[in-house]
Amino acid sequence: MPTYLVNHLRIPGDVPSNDALNYLDQVEATVAPYGGKWLAQGPGDVIEGAWPGAVVLMEFPTREAADQWYNSAAYTSLRALRIKSAISDIIL
């Protein structure tokens, strides 16, 4: 069964840092081996409540594939760049 990753993403000052740009340049290559793909990313139109920032929506073929990607050596080495340059609330 597919598993979805949802990231409520906020970039401090709304200007990506060099670390954020480096992360973006490299992250897609870490996802492909696990069958992951981006379904949506960017700001949304808030119709109720508050949602500062953007959303990232990804799909993986299984929960195991999502977990394997998130804990992979390739992604773990990039994760620090995301954590240093953005505020993320991530759920699977």
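Everything numeric in this text was worked out from a predicted model, so none of it was measured.

## Points about the nonpolar core
The tendency in soluble globular proteins is for nonpolar side chains to be buried as a group.
Thought 1: By size, the foremost hydrophobic cluster in this structure holds 15 residues, and its most contacted members are Y23, V27, M58, F60 and W69.
Thought 2: Contributing elements (two or more residues each) for this core: β1 (3–10), α1 (18–31), β3 (54–60), α2 (63–70) and α3 (73–85).
Thought 3: Apart from residues no more than four positions distant in its own chain, Y23 is found in contact with Y75, L78, L81 and R82.

## A look at the environment of A32
Thought 1: Its location among the elements puts A32 in the loop between α1 and β2 (37–42).
Thought 2: You can call A32 exposed: its relative accessible area is 55%.
Thought 3: With 37 residues separating them in the primary sequence, A32 and W69 have C-alpha atoms 9.1 Å apart.

## A closer look at the pairing of β1
Thought 1: Among the eight residues in β1, six count as buried, and that is most of the element.
Thought 2: Two elements, β1 and β3, share seven bridges in a ladder whose sense is antiparallel. Bridge assignment links Y4 to a residue of β3, and that residue is E59.
Thought 3: Inspection of the sheet shows β1 paired to strand β4 (residues 87–91) by five bridges, in the antiparallel sense.

## Notes on the confidence of the model for the protein
Low-pLDDT stretches of the model should not have their predicted coordinates read in fine detail.
Thought 1: Here the protein averages 94 in pLDDT, while 100% of its residues score no lower than 70.
Thought 2: Ranking the elements of the protein by mean pLDDT puts α1 last, at 92, and α2 first, at 98.

## Here's the deal with the environment of W69
Thought 1: Turning to its location among the elements, W69 is positioned in helix α2.
Thought 2: Looking at W69, the relative accessible area reads 3%, which means it is buried.
Thought 3: If we skip the residues at most four places from it in the chain, W69 touches L5, V27, T30, V31, Y34, M58, F60 and Y75.

## What to know about the environment of L92
Thought 1: With respect to the helices and strands, the residue L92 is situated in the segment after β4.
Thought 2: Classification of L92 as partly exposed rests on a relative accessible area of 41%.
Thought 3: Measuring from C-alpha to C-alpha, the distance between L92 and W69 comes to 12 Å, with 23 residues separating the pair along the chain.
Thought 4: Apart from the residues lying within four places of it in its own chain, the contact partners of L92 are T3, Y4, L5, R63, A66 and D67.

Reading guide: rules and limits
- Residues numbered from 1 in each chain as written.
- Predicted model: local features only at pLDDT ≥ 70, side-chain atom pairs only at ≥ 80, totals over all residues.
- Heavy atoms only, no water.
- Core = buried A, V, L, I, M, F, W, Y, C linked by side-chain atoms within 4.5 Å.
- Buried < 20%, exposed > 50% of the residue type's maximum accessible area, 1.4 Å probe, protein only.
- Helix = DSSP H or I, 4+ residues; strand = E, 2+ residues; numbered from the N terminus.
- Contact = heavy atoms within 4.5 Å.
- Pairing = 2+ DSSP bridges.
- pLDDT = per-residue confidence, 0-100.

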